[in-house]
Amino acid sequence: RVVLTRGQDESVSVRDRVIRAKNNNADVLVSIHINAGGGVGCEVLIPGTQSYNGGVSSKSTELGNDILEQLTRLGMHNRGLVRRYIDYDARYNYPTGEHGDYYGICRYARWYNMPGIIVEHGFIDSSDYNNYLNSDSKLRALGTADAKGIIKAYGLTLPNYPEGTMFRLYNMYTGEHLYTQSIAERNNLIDVGWDFEGVGWTAPKTGEPVYRLYNPYTSDHHYTRSLAEYNSLQRVGWSGEGIKWYSGGSIPIYRQYNPYARTGSHNYTASAYERDSLVRAGWHDEGVGWYAAS
């Protein structure tokens, strides 16, 4: 469960953010930042190695390294873990007499025996901006990297879903969406950097076939319940992947086409709002692609 300590336009002190996290029984507080100053790369600021509530140091180190591992998979330079202390003012010392952590997130969280870390996601005033920060899809990839690091550090697993669940994934580099019922395929794509967007819809067990094709030249996938379209695309070089699920039910799955995209040119969604938003942005509405189970 994720709780925002600041979910609207308001001024919240660092100490109050820690208190909000504690009041929600948080296991960890992750403070999201973007750096400045002309450098490049990501880094994680963590509590130091003091013995006072010392468990937060080891867990923060583990979590920081797991998040950095995921961010560097996106191509970011790894600046490592950062620890800093207040060694000039005894008022910030811990009850053990040890120097306090310099960063308030780390210091106040330690008082509550809770790991508190700060993740710096690149520099806004360097090449990092164009490489990692200048689009929603790139920011979403950073968030996904953080989540994967948390999942690993805390031994979490993705939930189990009932039979027929259609998973939706997004490739930020190609703009493509992929849809699958296979948990193994979903997990493999997540491991290589795809963004897991959750459940798209539920497919019935039987009904009209929905075929999936793959374009080896663009790395694009296409879905259709038209056998004629399926065969036509194979004749021009697409690879037929067979029946992937079935159409049937009361929920329409809309198909949209982007005439400007070289790959990821189709989108499929059960959301009329998403369809309408894409149409306003220049996509072509191709109607109902198939139907999902209720």
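Look up: the structure comes first, before these words.
Throughout what follows, the structure given in this document is the object of discussion. As the structure is a prediction and not an experimental result, all values here were calculated from the model. (Residues numbered from 1 in each chain as written. Predicted model: local features only at pLDDT ≥ 70, side-chain atom pairs only at ≥ 80, totals over all residues. Heavy atoms only, no water.)

The subject of this paragraph is the nonpolar core. Ranked by size, the top nonpolar core spans 20 residues in total, and within it Leu71 and Ile117 carry the most contacts. Secondary structure elements with two or more residues in this core: β2 (42-45), α2 (55-73), β6 (116-123), α4 (128-133) and α5 (136-153). In this structure Leu71 touches Cys42, Met76, Val119, His121, Leu142, Ala145 and Asp146, once residues within four positions along its chain are discounted. One finds Ile190, Trp201, Trp245 and Ile253 within the second-largest nonpolar core, a separate group that totals 18 residues. (Core = buried A, V, L, I, M, F, W, Y, C linked by side-chain atoms within 4.5 Å. Buried < 20%, exposed > 50% of the residue type's maximum accessible area, 1.4 Å probe, protein only. Helix = DSSP H or I, 4+ residues; strand = E, 2+ residues; numbered from the N terminus. Contact = heavy atoms within 4.5 Å.)

What follows deals with the sheet that holds strand β14 (residues 266-269). Taken together, 3 strands build an open sheet; the order of strands is β14-β13-β15 and the sheet is antiparallel. Of all strands in the sheet, those bounded by a partner on one side alone are β14 and β15 (284-292). Geometrically, the sheet is characterised by an average inter-axis angle of 25 degrees between neighbouring strands, direction not taken into account. As defined by bridge partners, strand β13 (residues 251-257) adjoins β14 across 4 bridges and the pair is classed as antiparallel. Bridge pairing links Tyr257 to His266 in β14. (Pairing = 2+ DSSP bridges. Axes fitted to C-alpha atoms, helices over the stretch in contact; angles between N-to-C directions.)

Here we take up helix α6 (residues 183-191). Of the residues making up α6, those classed as buried are Arg186, Leu189 and Ile190. Buried residues of α6 fall within an arc of 100 degrees about the axis and therefore sit on the same side. Opposite its buried face, α6 presents the exposed residues Asn188 and Asp191, each directed more than 90 degrees away. Residues of α6 that are buried make contact with α5, β7 (165-171), β8 (176-180) and β9 (195-202). Of the residues flanking the end of α6, it is Gly193, one or two places downstream, whose phi is positive at about 110 degrees. (Arc of directions from axis to C-beta.)

Where α2 contacts α5, the two axes come as close as 8 Å, and the packing angle between them is 140 degrees. Viewed along their axes, α2 and α5 adopt a mutual orientation that is oblique. Once α2 is placed against α5, the crossing between them reads as right-handed. Contacts between α2 and α5 involve Lys59, Glu62, Leu63, Asp66, Ile67, Glu69, Gln70 and Leu71 from the former and Leu142, Ala145, Asp146, Lys148, Gly149, Ile150, Lys152 and Ala153 from the latter. Residue composition of the contact of α2 with α5, grouped by class: 7 nonpolar, 2 polar and 7 charged. (Parallel < 35°, antiparallel > 145°, perpendicular 65-115°, else oblique. Left-handed = near helix turned anticlockwise from the far one by under 90°. Nonpolar A, V, L, I, M, F, W, Y, C, P; charged D, E, K, R; others polar.)

What follows covers the sheet that holds strand β10 (residues 208-215). The 3 strands lie next to each other as β11-β10-β12, forming an open sheet whose pairing is antiparallel. Sheet topology places β11 (220-224) and β12 (239-247) at the edges, where each strand pairs with a single neighbour. With strand direction ignored, the average angle separating the axes of adjacent strands in the sheet is 25 degrees. Where β10 meets β11, 5 bridges bridge the pair, whose relative direction is antiparallel. Residue pairing across strands places Leu213 opposite His222, the latter belonging to β11.

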